[in-house]
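Below, each chain spelled out in residue letters.
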Amino acid sequence: MAPKREKEAIPVVELDSDDDNGAGVGAPNQNNNASSTGAPPQATPQPQQQPLAPNCQTLDSRSFWKAGDYAVGPTARPYIAQGQLEHARVHPKFLHSNATSHKWAFGAIAELLDNAVDEVQNGATFVRVDKIDVVKDNSPALLFQDDGGGMDPEGMRKCMSLGYSTKKANTTIGQYGNGFKTSTMRLGADVIVFSRAIRAGKATQSVGLLSYTFLRRTGQDDVIVPMIDFDISGNWVEPITYGSQDDWTSNLKTILEWSPFASKEDLMLQFEEIGAHGTRIVIYNLWLNDEGIYELSFDDDDEDIRLRDEAAGGKSTKIQQKIQSHISYRMRYSLRAYASILYLRTFTNFKIVLRGKPIQQHYIKDDLKYLEVKTYRPQITTLNEVIVETTIGFIKEAPDLGVSGFNLYHKNRLIRPFWKVTADGSSKGNGVVGILEANFIEPAHDKQDFERSSLFFRLETRLKQMVNEYWKTNCHFVGYQPIGVRNLQKDQTFKPSVGVTPKDMHLDQTMAGLSANVLQNDSRTKSSEVVMSSDNREPMSVDEICEENIQLFMRCEAQVQKETELRQTIENLEKELEMAKRKSAQLASYLETKRKQKIMKQPTGTV
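Cut-off values and rules
Numbering of residues begins from 1 in every chain and follows the order in which that chain's sequence is written. Restriction of local features to residues with pLDDT of at least 70 applies here, the model being predicted, together with a cutoff of 80 or more for giving and counting side-chain atom pairs; totals for whole chains, interfaces and linings are based on all residues. As a convention, hydrogens and water are excluded, and side-chain values are obtained from all of the structure's heavy atoms. To qualify as a helix, a DSSP run of H or I must reach at least 4 residues; to qualify as a strand, a run of E must reach at least 2; elements of each kind are numbered from the N terminus. Relative accessibility thresholds used throughout: buried, under 20% of the residue-type maximum; exposed, over 50%; partly exposed, between the two (1.4 Å probe, protein chains only). In what follows, residue pairs with any heavy atoms lying within 4.5 Å of each other are defined as contacts. Here, Shrake-Rupley sampling with a 1.4 Å probe gives the accessible areas, and only protein chains in the shown set may cover a residue. Between rings of Phe, Tyr and Trp, where Trp is taken as its six-membered ring, a pair exists when centres lie within 6.5 Å; planes separated by under 30 degrees are stacked, by over 60 edge-to-face, and by other angles tilted. Polar contact is the term for a pair of N or O atoms within 3.5 Å; when the atoms are in protein, one must be able to donate a hydrogen and the other to accept it, and sequence-neighboring residues count only if both atoms are side-chain atoms. Two strands form a pair only when DSSP identifies at least two bridges running between them. Working convention: axes come from line fits to C-alpha atoms, limited for helices to the stretch in contact. Angles between N-to-C directions cover 0 to 180 degrees. An angle below 35 degrees is treated as roughly parallel, one above 145 as roughly antiparallel, one from 65 to 115 as roughly perpendicular, and anything else as oblique. For this classification, the nonpolar set comprises Ala, Val, Leu, Ile, Met, Phe, Trp, Tyr, Cys and Pro, the charged set comprises Asp, Glu, Lys and Arg, and every other residue, Gly included, is treated as polar. Each salt bridge in this description consists of a side-chain nitrogen of Lys or Arg and a carboxyl oxygen of Asp or Glu lying within 4 Å of one another. Here, nonpolar core refers to any group of buried Ala, Val, Leu, Ile, Met, Phe, Trp, Tyr and Cys residues whose side-chain atoms link them within 4.5 Å.

Draft legend 1. Broad picture of the overall build of the chain. Counting secondary structure elements, the chain contains 14 helices and 20 strands. The buried share among the 607 residues of the chain stands at 47%. Counting contacts in the chain only where the partners sit at least 6 residues apart, residues at least 24 apart contribute 68% of the total. Of the roughly 31700 Å² that the chain leaves accessible, carbon and sulfur atoms contribute 50%.

In structure tokens, the structure reads:
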């Protein structure tokens, strides 16, 4: 059977940055005549292919932050056929500069996880993240694979284009149409994508190659993306050609030359790994750090991927070990730790599998004690009032660890982890951690921060207030002094002001009457130190004083609570008494009325 043929177009495409025109999906080096549906464009007469630049450039550095340091030479303008229009072009250097929006490699990985999570609505049940070996040069490559709906030829071209996104639903995380390009180019110089899909009863499979190495070494001044497609609806695989068979073969040759797969058979085996539908992404030529070793470490833990420059190493003290074991620190270098808190709520029938082992969801809320839930109503112009609930509490290790900050999510996705809103150098707020979902503000393009809008600054102000309110009423539970308590001189006792009764005293005033030997201690003082009491008793260790301090605080809090309950009881009794008085007055008035009516009805005697 002859290969199936569709609309005449050249499948080697340039990346077009037009976000509004469907033709921007993957325009060839010609006038873009595609329809708004994003279908492959119609063919037009093509000039003879330009020869490769004689001084073909190579990647001078395998370090990501240096890979874009090269001069762009004169651009060889292609021949413009009669009737064609000029259009914006994208230089390969833009791929690198665009990817620098990701300062953190894990942020780039999170983008690819988001794409897989968005496929849950298309039936995805897993995303697999793993390391595979490239046979050609025995180098490591990064693998992402999901069993979602996959991409047909049109979807593949949209994926490879800049700024094109069809994700407009409130349930999807991606929205800018730029995440795939920035994230893959941030992790490695090259990426090859395999995808199988079924659309309108037609089953297809597609391959697309986005290779910075290919573009640099062949001296391209446009972003060229070789792609090939297959129709697998029948009993055998048929190539889908848009121009000529020679064009299809040329694309295949380019893919085999610059990808990790040396033969067409090797390419086809990748589809067998996918199954009936889904997407498989292989990022290779991974970037190196400044020391010339891979930025991502696969050897430190067989079940994890780590950031080599962030991983803790060497000897450390016990307190440093405690800090390094906390999720707020581990997430900086462990992908398993970061992915465990990346999403606020658990997915139904979907899992993230990292190097063969599913990631267990880590709920930051479970790490907290003395929990409170506070509400915030942002001032936004919407028909429905937005109420944001914030869970706030002390970490269980407080006050030993100074971990603090708010974990801000957007559409279930972590944007800012452990964001500290209190001033540096102040003990106020130490150990206080919060969790909230801020869907009313927009995240930045790299999804590692929020846009600095007025809503964001108002939220920051409210979070500072939350910390102050929570600290004032709960800090004594972990051994800190409440706000307003001041140390008194030795042997100085508290005397209430004239006319002030115990009922009118604030908690801070009540606590001021404690002896100075208790109030002068801080729970962060080393346990080896001792403090002499003011009445010349035996010296007490700081741990003992802290324990006594906490007990006194708790007793005082219990007294205040009891006082509050008594006040409430008195108020209730006063209300009941007032109601009884009203009923008594009503009853007396009623009886008086009855008495007068009875007198009026009695007959009057005559003389």
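Draft legend 2. Spotlight on the packing of aromatic side chains. A full pass over the atoms with the stated rule returns 18 aromatic pairs. Centroid distance W104 to Y338: 4.8 Å. Interplanar angle 70°. Geometry classified as edge-to-face. Placement of the pair is W104 in the loop between α1 (92-99) and α2 (105-118) and Y338 in helix α10 (residues 335-340), with a sequence separation of 234 residues. Under the relative-accessibility criterion, Y338 is labelled buried at 2%. For the pair F194 and F261, a centre-to-centre distance of 5.5 Å together with 80° between the ring planes defines the contact as edge-to-face. Residue F194 is located in strand β4 (residues 188-199), and its partner F261 is located in the loop between α6 (245-258) and α7 (264-274); the two are separated by 67 residues in the primary sequence. Of the residues examined, F194 reaches a relative accessible area of 0% and is grouped as buried. You can call F261 buried: its relative accessible area is 9%. One aromatic cluster in this structure is built from F394, Y470, W471 and Y480.

Draft legend 3. Molecular detail of the side chain of Q205. Structurally, Q205 can be placed in strand β5 (residues 202-211). Separated by 2.8 Å, the side chains of Q205 and R196 make a polar contact. In this structure, Q205 is in contact with S195, R196, I228, D229, F230, I232, V237, M268 and F271, ignoring residues within four places of it in sequence.

Draft legend 4. The pairing of strand β3 (residues 139-146), seen in detail. Across the eight residues that make up β3, a large majority, eight, are buried. Burial along β3 is two-sided: the face carrying S139, A141, L143 and Q145 and the face carrying P140, L142, F144 and D146 are both buried. Pairing of strand β2 (residues 126-134) with β3, which is carried by eight bridges, proceeds in the antiparallel orientation. Residue V129 lies in a different strand from β3, and its bridge partner there is F144. Connecting β2 to the antiparallel partner β3 that follows it, the hairpin turn spans four residues, and N138 within it adopts a positive phi of roughly 60°. Examined bridge by bridge, β3 and strand β9 (residues 278-286) share five bridges and lie antiparallel to one another. Bridged to Q145 within β9 is R280.

Draft legend 5. Region of interest: the sheet that holds strand β17 (residues 413-419). The strand order β14-β15-β18-β16-β17 describes an open sheet built from five strands, whose pairing is mixed. The two strands at the open ends of the sheet, each matched to only one other strand, are β14 (368-376) and β17. Averaged over all pairs of adjacent strands, the angle between strand axes in this sheet comes to 15°, irrespective of strand direction. Relative to β17, strand β16 (residues 405-410) runs antiparallel, the two sharing four bridges. Residue pairing across strands places L408 opposite R416, the latter belonging to β17. Across the sheet, helix α11 (residues 454-474) touches β14, β15 (388-395), β16, β17 and β18 (432-437), and the angle it forms with β14 is around 135°.

Draft legend 6. Spatial organisation of the packing of α1 against helix α4 (residues 179-187). As a packed pair, α1 and α4 sit with axes 8 Å apart at the nearest point and diverge in direction by 90°. Between α1 and α4, the interaxial angle falls into the category roughly perpendicular. Contacts between α1 and α4 involve L95, N98 and A99 on the former and, on the latter, T182, M185 and R186. The class makeup of the residues in the contact of α1 with α4 is three nonpolar, two polar and one charged.

Draft legend 7. Layout of the pattern of salt bridges. In this structure the tally under the stated criterion is 22 salt bridges. Here K447 makes a salt bridge to E111, at a shortest N to O gap of 3.2 Å. Here K447, found in the loop between β18 and α11, pairs with E111, found in helix α2; they are 336 residues apart in sequence, far enough to count as distant. Note on accessibility: K447 and E111 belong to one class, buried. Here E469 ties to K374 by a salt bridge, and the two come within 3.8 Å at their closest N and O atoms. Within this pair, whereas E469 is found in helix α11, its partner K374 is found in strand β14, the two being separated by 95 residues in sequence. Among the ionic contacts, a cluster of salt bridges with common partners joins E372, K374, R462 and E469.

Draft legend 8. Expanded view of the sheet that holds strand β8 (residues 238-240). Taken together, nine strands build an open sheet; the order of strands is β8-β7-β5-β4-β9-β3-β2-β12-β13 and the sheet is mixed. Whereas interior strands pair on both sides, the edge strands pair on one side only; in this sheet they are β8 and β13 (357-358). Strand contacts of α6: β4, β5, β7 (227-231), β8 and β9, with the helix running at about 115° to β7, the strand carrying the most contacts. Lying over the sheet, α7 contacts β3, β4, β5, β7 and β9, oriented at roughly 60° with respect to β4.

Draft legend 9. Structural context of the nonpolar core. L142, I192, L267, I283, Y338, L459 and L463 are the most contacted members of the largest nonpolar core, which has 118 residues in total. In terms of residue count, α2 provides more of this core than any other element does, nine residues in total.

Function cannot be read off these values alone, since they describe shape.
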